[in-house]
Amino acid sequence: MYKLIKARSIVRIPPNEFGKPLNEIALNELRQQYQEKILKDLGLVLAILNVKISEEGILVFGDGATYHEVEFDMITYVPVVQEVVEGEVLQVDNYGVFVNLGPMDGLVHISQITDDTLKYDNVRGIIFGEKSKKVIQKGDKVRARVISVASTVTGRLPRIALTMRQPYLGKLEWITQAKK
């Protein structure tokens, strides 16, 4: 789930940046501090937008920089259990498929792809159903449901487990055929 979060902070403007536009400096400082990092309870920060910086700064004894209050927006991504997502298959292995969800990747274990008995073809890099003859391979577009999000060490992306065994989930071609 994507979120737009309004935030406040203090940004340090180093002396070598004096004379440059404050909004530009603040945006660069905030991007270095937050962007592409995982923040607890907020998720993965994708972008910093709409920076509004106070013109008046505070001086700290022994530091030549000025400190300014700043308000800004952050776009974040947090995978949510039961969320339905679409993505492209990045990799096919004997234990399942990795799906690109945009900012993160998820894993659909082989037991969660279909109800059919599945086999992995190492030579062609595909997984196929023994009875249904359904094939899934790199580049396929799929729809899945998030079934678990395992938090890992702080600062690393969480592991996302997906399922495609429910109605209207799976390879998009399979869903279109099932509707007919």
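These numbers come from a predicted model, not from an experiment. The numbering scheme is per chain: residues are counted from 1 as the chain's sequence reads. It should be noted that, the model being predicted, local features are given only for residues of pLDDT at least 70 and side-chain atom pairs only at 80 or more, the latter also being counted only at that level, while totals for whole chains, interfaces and linings use all residues. Water and hydrogen atoms were dropped before computing side-chain values, which therefore reflect all heavy atoms in the structure.

### Some remarks on the pairing of strand β10 (residues 126–129)
Link 1 in the chain: Paired strands, as defined in this entry, are two strands with at least two bridges between them according to DSSP. Here a helix means four or more residues in a row that DSSP labels H or I, a strand means two or more in a row labelled E, and each is numbered from the N terminus. Strand direction decides the pairing type here: strand β9 (residues 118–121) and β10, joined by four bridges, are antiparallel. What sits directly across from Lys119, in β10, is Phe128.
Link 2 in the chain: With antiparallel pairing between neighbouring strands as the criterion, β9 and β10 make up a hairpin whose turn holds four residues, including Gly125 at a positive phi of roughly 65 degrees.
Link 3 in the chain: Inspection of the sheet shows β10 paired to strand β11 (residues 135–137) by three bridges, in the antiparallel sense. Pairing of Phe128 across the sheet is with Val135, part of β11.

### Comments concerning the pattern of salt bridges
Link 1 in the chain: Only one rule defines a salt bridge in this text: a Lys or Arg side-chain nitrogen within 4 Å of an Asp or Glu carboxyl oxygen. Counted under the stated rule, the structure contains 11 salt bridges.
Link 2 in the chain: The closest approach of N and O atoms between Glu86 and Arg143, which form a salt bridge, is 2.7 Å. Taken together, the residues span a long stretch of sequence, with Glu86 in strand β6 (residues 84–93) and Arg143 in strand β12 (residues 141–150) at a distance of 57 residues.
Link 3 in the chain: We call a residue buried when its accessible area falls under 20% of the maximum for its residue type, exposed when it is over 50%, and partly exposed in between, using a 1.4 Å probe and counting protein chains only. Overall, the relative accessible area of 22% leaves Arg143 in the partly exposed class.

### Digging into the domain arrangement of the protein
Link 1 in the chain: Under the domain assignment, the protein is made up of domain 1 (1–75) and domain 2 (81–177).
Link 2 in the chain: For every domain, the bounds stem from an assignment made automatically or drawn from a database. A C-alpha centroid distance of 38 Å is found between domain 1 and domain 2.
Link 3 in the chain: In what follows, a contact means two residues having at least one pair of non-hydrogen atoms within 4.5 Å. Contacts between the two partners involve five residues from domain 1 and, on the opposite side, eight residues from domain 2.
Link 4 in the chain: Once two parts are put together, the accessible area they lose, assessed with a 1.4 Å probe and summed over both, is termed the buried area. With both chains or domains summed, domain 1 and domain 2 bury close to 460 Å², and 68% of this area falls on carbon and sulfur atoms.
Link 5 in the chain: Of all residues in domain 1, Met1, Ile38 and Leu44 bury the most surface against domain 2, accounting for 78% of the area lost on that side.

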